[in-house]
Amino acid sequence: MRHFYLTFLMILVCSIHAQSQDTLVDIGGYNMHFNIIKGEGTPILFDAGAGNDGSVWNDILDKIHKVTGTTLITYDRSGFGQSEVNPNLKNDSDFGIVNGIKELETGLSKLGFNNEIILVPHSYGGFYTTFYASRHPDKVKYVVRIDANLVEVYTDDVLKIMDQEETPPKSPETLGIYYLLKTYPETVKILREIDFPSNIPVIDIISPINRGYPDEYWTLIKKVHKDFVNAESNRVEIIAEGSGHYIFQDNPGLIINTIIKAYAETLDEKQQHVLLKKALDNAIDLAIEAKVNNRSEHDLNTLGYSFLGNGELEKALEVFKLTTILFPDSFNAYDSYGEALLKAEKKEEAIKMYEKSIALHPENENGKTVLRQLKEE
């Protein structure tokens, strides 16, 4: 059996890089840059943060495409990367988010992606996603937010502080960030009048690390995200422990598997079953890559409990079992598997898992309590 698993894992290490297509789209006498990995299924559009172009997503795209097989789209906002600015606009105020969303809509339409879509924003991209979703509430099927902006964080006092900060000089190389900062107050004003559509399911992934904000402002940020998630039953919060603002770089496994989970929610039951196997294979790949810091053990555990929380017991059992195979020295892996086995009413198997967990970590008091109760029954 050990030989089988070793062979199985070695095969999974090999991955095929998806072919991406760089595309310049004429959106009215000037070009907008898109990068597309073509596939079948609901496309996923990635929206970068304020100072980034679409290339910031490149390291995670192949793994997402490998599992989902769907079309992945990244792009550069006007003035960033390879995207040009509209030469017909004369005033700084003309280059705000309204113009940016119209450019994005035009580009997507010309590429044939103006129907159902999944959105993945980071940071400032959260503003674009909120605006886009409000204009297309029936087309946006899911949103995975990655430490993404919520307008309630940007109070009048915050805008005053931002207004005092120096804007980079206006030059061909800085047009994107120049216009973004110049129009930031107007963008906030517009977003304050927009409600995120209640029908769109959301996973809100946030970093727990304060990036130097005053305590009261950091408290506000956490409250705003909590309030956003609690406002609707189809919204879920994930705290990316140990990760900074660029969660998809600090913990790519968490982001990749969360996006795969969101994509799976848009499929029918038969399609979900096929995707699950690919998702588990992908989780194994990521665990092998990151085993040195046990980060992917956390990812797998989170995925298992996600299935458990949704009542998908068989899927949870598969994930937890794989975690014990990949991390045989982890007491927590056996503890979690034991918990799932109990829910499946497999008492004898659960007892074995708790015994292994305690053997690895004698201080596992919760495990000892559960094991004692099981043996007394």
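Residues numbered from 1 in each chain as written. Predicted model: local features only at pLDDT ≥ 70, side-chain atom pairs only at ≥ 80, totals over all residues. Heavy atoms only, no water.

Caption draft 1: Spotlight on the overall build of the chain. When helices and strands are counted, the chain shows 16 helices and 8 strands. Considered along the principal axes of its C-alpha atoms, the chain spans approximately 75 × 45 × 35 Å. Every one of the 377 residues in the chain was classed for burial, and the buried ones make up 51%. Partitioning the intrachain contacts of the chain with sequence separation of at least 6 by distance along the chain shows that 71% fall at a separation of at least 24. Accessible surface, the chain: about 18500 Å² in total, of which carbon and sulfur atoms supply 51%. Mean positive and mean negative side-chain charge positions of the chain (38 and 56 charges, respectively) differ by 3 Å. (Helix = DSSP H or I, 4+ residues; strand = E, 2+ residues; numbered from the N terminus. Buried < 20%, exposed > 50% of the residue type's maximum accessible area, 1.4 Å probe, protein only. Contact = heavy atoms within 4.5 Å. Areas by Shrake-Rupley, 256 points an atom, 1.4 Å probe, with all protein chains shown as cover. Lys, Arg positive; Asp, Glu negative; His and termini not counted. Charge placed at Lys NZ, Arg CZ, Asp CG, Glu CD.)

Caption draft 2: Summary view of empty space enclosed by the protein. Following the criterion strictly, the structure yields 3 cavities of 30 Å³ or more and no others. Each pocket or cavity is described by its volume, and for the largest cavity that value is around 140 Å³. Of all the secondary structure elements, the ones that give two or more residues to the lining of the largest cavity are α3 (97-111) and α6 (175-182). For the lining of the largest cavity, a count of residues per class yields 8 nonpolar, 6 polar and 2 charged. Space inside the second largest cavity adds up to approximately 40 Å³. Along its surface, the second largest cavity is lined by Asp47, Ala48, Asn52, Asp53, Gly54, Tyr75, Asp76 and Arg77. Its residues assigned to classes, the lining of the second largest cavity comprises 2 nonpolar, 2 polar and 4 charged. (1 Å grid on protein atoms, 1.4 Å probe; cavity = no way out; pocket = protein on both sides within 12 Å on 5 of 7 lines; lining within 4 Å. Points joined across faces, edges and corners; volume = space filled by probe spheres on them. Nonpolar A, V, L, I, M, F, W, Y, C, P; charged D, E, K, R; others polar.)

Caption draft 3: Structural detail: the packing of helix α2 (residues 58-68) against helix α10 (residues 252-265). For the pair α2 and α10, interaxial distance at closest approach is 10 Å and the crossing angle is 35 degrees. Our pair here, α2 against α10, has a crossing hand that is right-handed. Packed against α2, whose contacting residues are Ile60, Lys63, Ile64, Val67 and Thr68, the element α10 presents Pro252, Ile255, Ile256, Ile259, Ile260 and Tyr263 at the interface. (Axes fitted to C-alpha atoms, helices over the stretch in contact; angles between N-to-C directions. Left-handed = near helix turned anticlockwise from the far one by under 90°.)

Caption draft 4: Main features of the pattern of salt bridges. Tallied over the full model, the rule gives 13 salt bridges. Linking Lys375 and Glu355 is a salt bridge whose minimum nitrogen-to-oxygen distance equals 3.0 Å. Taken together, the positions of Lys375 in helix α16 (residues 365-376) and Glu355 in helix α15 (residues 347-360) put the pair 20 residues apart, joining distant regions of the chain. On the accessibility criterion, Glu355 (34% relative accessible area) is partly exposed. (Salt bridge = Lys/Arg side-chain N within 4 Å of Asp/Glu carboxyl O.)

Caption draft 5: The arrangement of unusual backbone geometry in detail. Of note, Ser123 is a non-glycine position whose phi angle comes to about 55 degrees, a positive value. Looking at the element boundaries, Ser123 is found in the loop between β5 (117-121) and α4 (125-135). On the accessibility criterion, Ser123 (12% relative accessible area) is buried. Residues other than glycine seldom take positive phi values, yet Asp147 does so here, at roughly 45 degrees. Checked against the element boundaries, Asp147 lands in the loop between β6 (140-146) and α5 (156-164).

Caption draft 6: Structural view of the environment of Ser357. Topologically, Ser357 is positioned in helix α15. We classify Ser357 as buried; its relative accessible area is 0%. Considered as a pair, Ser357 and Gly107 are 250 residues apart in the sequence and their alpha carbons are 54 Å apart. Ignoring anything within four residues of it in the chain, the contact list for Ser357 reads Phe331, Tyr334, Asp335 and Asn364.

Caption draft 7: Region of interest: the UniProt feature "repeat: TPR" (unreviewed entry) in the chain. This chain's UniProt record puts "repeat: TPR" (unreviewed entry) on residues 331-364. Taken end to end, residues 331-364 has its terminal C-alpha atoms 8 Å apart, with 79% of it in helix and 0% in strand. (UniProt positions renumbered as here; feature names shortened; annotations may be inferred.)

Caption draft 8: Quick look at the sheet that holds strand β7 (residues 202-206). One open sheet holds the 8 strands; their spatial order is β1-β2-β4-β3-β5-β6-β7-β8, and the pairing between them is mixed. Each edge of the open sheet carries a strand with a single partner, namely β1 (20-26) and β8 (235-239). Direction aside, the axes of adjacent strands within the sheet are offset by 20 degrees on average. Here β5 pairs with β6 via 3 bridges, running parallel. What sits directly across from Leu119, in β6, is Val143. Relative to the sheet, α3 contacts β1, β2 (31-37), β3 (44-47), β4 (72-75) and β5, its axis offset from that of β2 by approximately 55 degrees. (Pairing = 2+ DSSP bridges.)

Caption draft 9: Spatial organisation of the nonpolar core. Judged by nonpolar contacts, the single largest core of 45 residues is most densely connected at Phe34, Leu45, Leu104, Leu108, Phe127, Tyr132 and Val140. The element best represented in this core is helix α8 (residues 215-230), accounting for 6 residues. When sequence neighbours within four positions are dropped, the list of residues in contact with Leu45 reads Ile73, Tyr75, Leu104, Leu108, Ile117, Ile118, Leu119 and Val120. In terms of nonpolar packing, the next biggest core, distinct from the first, is built from 34 residues, Val56, Ile60, Ile203 and Ile259 among them. (Core = buried A, V, L, I, M, F, W, Y, C linked by side-chain atoms within 4.5 Å.)

Caption draft 10: Up close: the layout of surface pockets. Estimated volume of the largest pocket: approximately 880 Å³. Lining the largest pocket are 40 residues, and of these Tyr154, Arg211, Tyr213, Tyr217 and Ile221 sit closest to its centre. Elements that contribute at least two residues to the lining of the largest pocket include exactly α5, α6, α8 and β8. Of the residues forming the lining of the largest pocket, the biggest block, 8 residues, is contributed by α8. In this model, the second largest pocket occupies a volume close to 500 Å³. Lining the second largest pocket are 25 residues, with Lys261, Glu265, Leu303, Ser306 and Asn310 positioned closest to its centre. Broken down by secondary-structure element, the contributors of at least two residues to the lining of the second largest pocket are β8, α10, α11 (269-290) and α12 (295-309). Sorting elements by how many residues they give to the lining of the second largest pocket places α10 first, with 8 residues. Class assignment of the residues belonging to the lining of the second largest pocket gives a composition of 12 nonpolar, 7 polar and 6 charged.

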